[in-house]
Amino acid sequence: MQLFLKDIVPAAQNNIDTRFIILDKAKSPAANGKNCIALAADETAAVHIQLWGDECDAFEAGDIVKLTNGIFSYVRNNGLVLRAGKRGKMEKMGEFTVAFVETPNISEIQWNPDPENPKCYIQSGVVSAYSRIFPPLP
């Protein structure tokens, strides 16, 4: 089942199927160009996406991407990001033809373990409505 970005929560599982448009992309200086962080969105929310290796060159701003078996988790130096991981797959579906919103950015939400189920997370606050890495689009 395909999820909207507003409905994904942090987890240590590759179980997220979704689609989004890439709004902006930046190389990560810490990974010698083998790692990129991107701002992506759908019609419900925005999120930071982590791209690895060939993914950095394969996707550009304006690309519509389908993610299968993705993971939304904390990554050192990049915070909370959505990524394909080892078991997931990202593929380009098209360009420039999808509605999107930039807020809320779910990478900028504080998540804490659910006291009733420590394997699940619940929202505990908003750090910033917009991405702190990418400025809002005009």
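This structure is a prediction, so every number in the text was calculated from the model and none was measured. (Residues numbered from 1 in each chain as written. Predicted model: local features only at pLDDT ≥ 70, side-chain atom pairs only at ≥ 80, totals over all residues. Heavy atoms only, no water.)

## Points about the pattern of salt bridges
We apply this condition: In the sections that follow, a salt bridge refers to a side-chain nitrogen of Lys or Arg positioned within 4 Å of a carboxyl oxygen of Asp or Glu. Where helices and strands are cited, they refer to DSSP runs of H or I of at least four residues and of E of at least two residues respectively, numbered from the N terminus. Burial here depends on accessible area, computed with a 1.4 Å probe over protein chains only, as a share of the maximum for the residue type. Under 20% is buried, over 50% is exposed, and the range in between is partly exposed.
Under the defined criterion, the tally for this structure stands at four salt bridges. Lysine 6 is paired through a salt bridge with aspartate 7; the nearest N and O atoms lie 3.0 Å apart. In this structure, glutamate 43 engages arginine 19 in a salt bridge whose closest nitrogen and oxygen atoms are separated by 3.1 Å. Residue glutamate 43 is located in the loop between strand S2 (35–41) and strand S3 (46–52), and its partner arginine 19 is located in strand S1 (residues 16–27); the two are separated by 24 residues in the primary sequence. Its relative accessible area of 34% is what places glutamate 43 among the partly exposed residues.

## What to know about the pairing of S2
The cut-off we apply is this: Strand pairing follows a simple DSSP-based rule, namely that at least 2 bridges must link the two strands.
By the criterion of burial, S2 is predominantly enclosed, with seven of the seven residues buried. Where S2 and S3 come together, seven bridges link them in antiparallel fashion. Looking at the pairing, alanine 40 lines up with valine 47 of S3.

## Comments concerning the nonpolar core
We apply this condition: What we call a nonpolar core is a set of buried Ala, Val, Leu, Ile, Met, Phe, Trp, Tyr and Cys residues that are connected through their side-chain atoms within 4.5 Å. Whether two residues are in contact is decided by their heavy atoms: any pair within 4.5 Å suffices.
Counting residues in hydrophobic clusters, the biggest one holds 24 residues, and the most contacted among them are Phe20, Val47, Ile49, Leu51, Phe72, Leu82 and Met90. Of all the secondary structure elements, the ones that give two or more residues to this core are S1, S2, S3, strand S4 (63–75), strand S5 (79–83) and strand S7 (109–114). Excluding residues that lie within four positions of it along the chain, phenylalanine 72 makes contacts with Ile8, Val9, Pro10, Ala11, Ile16, Val47, Leu80, Val81, Leu82, Ile106, Ser107 and Trp111. Of all hydrophobic cores here, the second largest spans seven residues; its members include Leu23, Ala41, Ala46 and Val98.

## Concerning the environment of phenylalanine 59
Within the fold, phenylalanine 59 resides in the loop between helix H1 (54–58) and S4. Measuring from C-alpha to C-alpha, the distance between phenylalanine 59 and glutamate 91 comes to 8.8 Å, with 32 residues separating the pair along the chain. Filtering out sequence-adjacent residues up to four positions away, phenylalanine 59 remains in contact with Ile22, Lys25, Leu51, Val65, Met90, Glu91 and Lys92.

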